[in-house]
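Below, each chain spelled out in residue letters.
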Amino acid sequence: MISARFNKLLRNCSSLYKKNQIHHSTTEPQIETLNREKYTIVAWDPPGYGFSRPPDRDFSPGFFYRDADYAISLMKSLQIDKYSLLGWSDGGITALIMASKAVDKVEKLIVWGSNAYVTEKDIELYEKIRDVQKWSPRMRQPFIDLYGEKYFSDTWNAWVNSFQIILKENGGDICREALSKIDAPTLILHGAQDPLVPMEHPVHLHKKIKYGSLEIYPEGKHNIHLRYAELFNSAVDDFLAEDL
């Protein structure tokens, strides 16, 4: 996660750390590069991810809402009363829920690669990457180094299964009802070529969040914060600095 001098909070789903030093991080360009004179960064791993183990990851119904509650409690424990949220992918889903629950705490919200529901098409995309042995070594190895091959494979399979359950039992609804409750100005960033989150999802977020704005990276995929780190960080900084 990330907190700040202006009480800004950058949060992510799976930052990977080794003691006090970043070993590998899916948001390292943000954690390392955003202006520490302006922002205090609080990066977190939800239970079952990264170094928040034990316990093992729990994907039973309501897991995104539990993560949101944990993160809200963390900020309370840190005595940070006002903060902003940055969330990527599943972290973005959790951030959306946080912003809907801690309305008086969350000042601004930035999400990318996130969705409020899943469709049959989405599940087909997830099934294509279920077998981690078919991932490229570059993508697979950092997770194996952190988690071990069995925990990584088992947890990833459970992740895919969890969305199948959401589609079957909830009609695909992850957090649709949360969107109308978000009062914080929200920046939705998205890669138009994202292989996991089709364009209908950021469009839906933009339509349903009352103070939402949408910015598209035409050639971007799921990791726009890595591929376009400098441009991405500039957009984040500009958005957080507005009206300060």
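Residues numbered from 1 in each chain as written. Predicted model: local features only at pLDDT ≥ 70, side-chain atom pairs only at ≥ 80, totals over all residues. Heavy atoms only, no water.

Trainee: Sorry, what's going on with the packing of aromatic side chains here?
Mentor: Remark: the centre distance and the inter-plane angle together describe each pair of aromatic rings, the angle taken between the planes. For the structure on display, the rule yields 14 aromatic pairs. Ring plane angle 85 degrees and centroid distance 5.0 Å describe the contact between W135 and W156, whose orientation is recorded as edge-to-face. Of this pair, W135 sits in the loop between α4 (120-128) and α5 (137-147) while W156 sits in helix α6 (residues 149-170), and the two are 21 residues apart along the sequence. For the pair W135 and W156, a shared accessibility class is recorded, and that class is buried. When the centroid spacing of 4.7 Å and the interplanar angle of 65 degrees are considered together, the rings of W159 and F163 count as edge-to-face. Here W159 pairs with F163, and both are found in helix α6, just 4 residues apart, close to one helical turn. For the pair formed by W159 and F163, the shared burial category is buried. Through pairs of rings, three or more aromatic residues link up here, namely F59, F63, F64, Y126, W135, F143, F152, W156, W159 and F163. (Phe/Tyr/Trp six-rings, centres within 6.5 Å; stacked < 30°, edge-to-face > 60°. Helix = DSSP H or I, 4+ residues; strand = E, 2+ residues; numbered from the N terminus. Buried < 20%, exposed > 50% of the residue type's maximum accessible area, 1.4 Å probe, protein only.)

Trainee: What exactly am I supposed to notice about the layout of surface pockets here?
Mentor: Size it by volume and the second largest pocket reaches roughly 190 Å³. Surrounding the second largest pocket, 14 residues form its lining, P61, G62, F63, I166 and N170 being those nearest its centre. Among the secondary structure elements, those contributing two or more residues to the lining of the second largest pocket are α2 (63-77) and α6. The element contributing the most residues to the lining of the second largest pocket is α6, with 5 residues. Looking at the lining of the second largest pocket residue by residue, the classes come out as 8 nonpolar, 4 polar and 2 charged. (1 Å grid on protein atoms, 1.4 Å probe; cavity = no way out; pocket = protein on both sides within 12 Å on 5 of 7 lines; lining within 4 Å. Points joined across faces, edges and corners; volume = space filled by probe spheres on them. Nonpolar A, V, L, I, M, F, W, Y, C, P; charged D, E, K, R; others polar.)

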